[in-house]
Amino acid sequence: MSDRQSPMHGFPTLCTPRGPVPADAPHWNPQRTGSMPSHRYRSAFDRVDIPLTGRTWPQARIERAPLWVPVDLRDGNQALAEPMDTPRKRRMFDLLVAMGFKEIEIGYPSASRTDFGFVRHLAGSGAVPDDVTVVVFTPAKPELIDRTFESIEGMDRAVVHLYIPTAPVWREVVLGRDRAEVHGTVREAARQMERLARARPGADIRFEFSPEVFILTEPDFILEICNGLTELWDASPDRPVIHNLPATVEIATPNVYADQIEYMHRHLDRRDSVILSVHPHNDRGTGTACAELAVLAGAQRVEGCLFGNGERTGNVDLVNLALNLHAQGVDPMIDFSDIDEIRRTVEYCNRLPVPPRHPYGGDLVYTAFSGTHQDAISKGLAHHARSGSELWSVPYLPIDPADVGRTYEAVIRVNSQSGKGGIAHLLRSNYGVDLPARLRADFSRTVQTATDDSGLEATPKDLWELFETTYLAPGRDGGVALTSWSTDRNPAGEHRFICTLRVDEREGDYEGTGNGPVSAFTRALAAAGIEVDVLDFTEHATGPGQGSPAMAYAECRVGGQLCWGAGQDTSVLTASILAVLSAVNRTEGAYGRPA
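Cut-offs and rules
- Residues numbered from 1 in each chain as written.
- Predicted model: local features only at pLDDT ≥ 70, side-chain atom pairs only at ≥ 80, totals over all residues.
- Heavy atoms only, no water.
- Helix = DSSP H or I, 4+ residues; strand = E, 2+ residues; numbered from the N terminus.
- Rg over C-alpha atoms; globule rule 2.2 N^0.38 Å.
- Buried < 20%, exposed > 50% of the residue type's maximum accessible area, 1.4 Å probe, protein only.
- Expected span 1.5 Å × (residues − 1).
- Contact = heavy atoms within 4.5 Å.
- UniProt positions renumbered as here; feature names shortened; annotations may be inferred.
- Polar contact = N/O pair within 3.5 Å; in protein donor to acceptor, adjacent residues only side chain to side chain.
- Patch = residues over 30% accessible without salt bridge, like charges linked within 9 Å, V, L, I, M, F, W, Y side chains within 5 Å.
- Areas by Shrake-Rupley, 256 points an atom, 1.4 Å probe, with all protein chains shown as cover.
- Salt bridge = Lys/Arg side-chain N within 4 Å of Asp/Glu carboxyl O.

1. Considerations on the overall build of the chain
Right, so step 1: Scanning the chain for helices and strands turns up 17 helices and 14 strands.
Right, so step 2: Computed over its C-alpha atoms, the radius of gyration of the chain comes to 35 Å, more than 25% above the 25 Å expected for a compact globule of 595 residues.
Right, so step 3: Dimensions of the chain, computed from the C-alpha atoms along their principal axes, are close to 105 × 65 × 45 Å.
Right, so step 4: Taken across its 595 residues, the chain has 49% of its residues classed as buried.

Here is the structure:
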């Protein structure tokens, strides 16, 4: 097949790279240079100065949660094909309040009548608790700043969030202004905000500034603007200014962003009067890492969205960030104890699905299909239950699913990739059936065949029905059947088993003696011409209480063949007899079962 030939009809044609193997490549890496135009792009280090030296963030640890600020109602809402209306916005706002967020960006009131109306709805409805501060977003344009302040009329507390693009490409291509002109625009906007805030002496109105595309802006220019605003707004520890430094479009590895944040952390004036905030996006798929490293580097506040909604690849995911802290023993100070309800609400409001593999919140993130994972989880859960320790230590589960309102029922699920440990766990947790180790291996082959044939997942109910058909039914209905039976015990302690056996539709009376009822039964079978040796035998109750059914498992050699059988009954003895009878009837080529 040629390089350009598609192996499957309807799929795009790809061409494997055909350039030379780089001269300095190790012998174990035969990758060749490709034809994709990577030369058109520049490294972040060629686009912006990264001045930090002597970094300290790699040695830092996150020991307390930053101030989380959800921007679902503004930044996340702007990214929706169908922006939220007031009822959906209100439902999202109420969710955020219930979860414990204390600062919430509620909209871009000058952008649309809907956004303005929602801010007015909150202002007039009494829906904002006394300890929650709302944030409203505005560009550095006089008429839009006026409109923004109009929207928060009557609110006791608010943060007005001012932004302007500052990076060279944005200045030159989008705004058509140089550095001095951009700085002048920002200062005029800041003065206007200060005047409007002073006109409302009874309200607590604070300010936030975002130099959009911070990561591509010259560090000295960012410092010039931010320090100027700190002075102009007369920031103090009891009325701090927020400087929010966005990774508007990710351009480099997260360590570069951390270096940029630490540089600002060290050089911002009146540092005790500045809240250093970050707003990472996820263009490189590293938004979570950028945020975590930024907090190590000095950030105190993180803006993001639940489940990472936002333009392009989204804003940083606050669910992921907060539960990462939880998994490290740090209180995220936000309530995720009903992650499914949170996800359902977000999906309803955004009209976007949360992927099933989304960290912490997806349908499948606490589910194992792989056999090795299932076995480890099953053993880990059993060990945790036995230990009585509060500390969580279960393989493959970074947190206890119960912490976020999940049950253990969906932790292990079975398909053709699964193994004996997962199958055994589901039967034990759902039906009280505790398979012996060798029977697990025996049954897993049956399950593998069934799931390979169907291509589908096997539910716990499917597994039980397959187990019943494979092991229990042959003891009740097979070529060899007990029409009637009884046992007794003589004064010497010897057991006698008396029965009527039907073998291939012919009935006869037989008896046998042994040191127990099961061994006596095997002697009765021998009298009927069926040689059986019981090699392994286990029994247990499937639940608490005297009326709970018993399960018995017997590994037998029947006519030279090894075979497992199982029996279930409220009588332990009856279950044991049925288990042996099941093994007899399951033997290949014997007693009415075809080879």
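Structure's up, so let's keep going.
2. Digging into helix α7 (residues 219–232)
An α-helix turns once every 3.6 residues. As a result, residues three or four positions apart point the same way.
Right, so step 1: Its 14 residues give α7 an end-to-end C-alpha distance of 20 Å, which sits within 8% of 20 Å, the value for a rise of 1.5 Å per residue.
Right, so step 2: Those residues of α7 hidden inside the fold are in contact with α5 (168–175), α6 (179–198), β5 (204–212), β6 (241–247), α8 (254–267) and β7 (274–280).
Right, so step 3: Of the residues flanking the end of α7, it is Asp-234, one or two places downstream, whose phi is positive at about 50 degrees.

3. Some points on the UniProt feature "binding site: Mg(2+)" (unreviewed entry) in the chain
Right, so step 1: According to UniProt, the positions carrying the feature "binding site: Mg(2+)" (unreviewed entry) are Asp-75, His-279, His-281 and Asn-315. Of the residues just listed, which span 241 residues, no C-alpha pair is farther apart than 10.7 Å, and they cluster in one region.
Right, so step 2: Within the fold, His-279 resides in strand β7.
Right, so step 3: Given a relative accessible area of 4%, His-279 falls into the buried group.
Right, so step 4: With near-sequence residues (within four places) excluded, His-279 lies in contact with Val-71, Arg-74, Asp-75, Asn-244, Leu-245, Pro-246, Ala-247, Tyr-257, Glu-303 and Asn-315.
Right, so step 5: Engagement of the side chain of His-279 in a polar contact is seen with the side chain of Asp-75, the distance being 2.8 Å.
Right, so step 6: With respect to the helices and strands, His-281 occurs in the loop between β7 and α9 (287–296).

4. A short note on a nonpolar patch on the surface
Right, so step 1: Taken together, Val-169, Val-173 and Val-174 make up a surface patch of nonpolar side chains, about 290 Å² in accessible area.
Right, so step 2: With respect to the helices and strands, the residue Val-173 is situated in helix α5.

5. Regarding the pattern of salt bridges
Right, so step 1: All chains considered together, the criterion is met by 33 salt bridges.
Right, so step 2: For Arg-74, the salt bridge is made with Glu-105, and the minimal N-O distance between the two is 2.7 Å. Of this pair, Arg-74 sits in helix α1 (residues 72–78) while Glu-105 sits in strand β2 (residues 103–107); the two residues are 31 residues apart in sequence, bridging distant segments of the chain.
Right, so step 3: Taking the shortest distance from any N to any O, the salt bridge between Arg-90 and Asp-94 comes out at 2.9 Å. Taken together, the positions of Arg-90 and Asp-94, both in helix α2 (residues 86–99) and 4 residues apart, correspond to about one turn of that helix.
Right, so step 4: Relative accessible area serves as the criterion here: at 25%, Arg-90 is assigned to the partly exposed category.
Right, so step 5: Within the structure, one salt-bridge network assembled from shared partners comprises Glu-103, Arg-206, Glu-208, Arg-301 and Glu-303.

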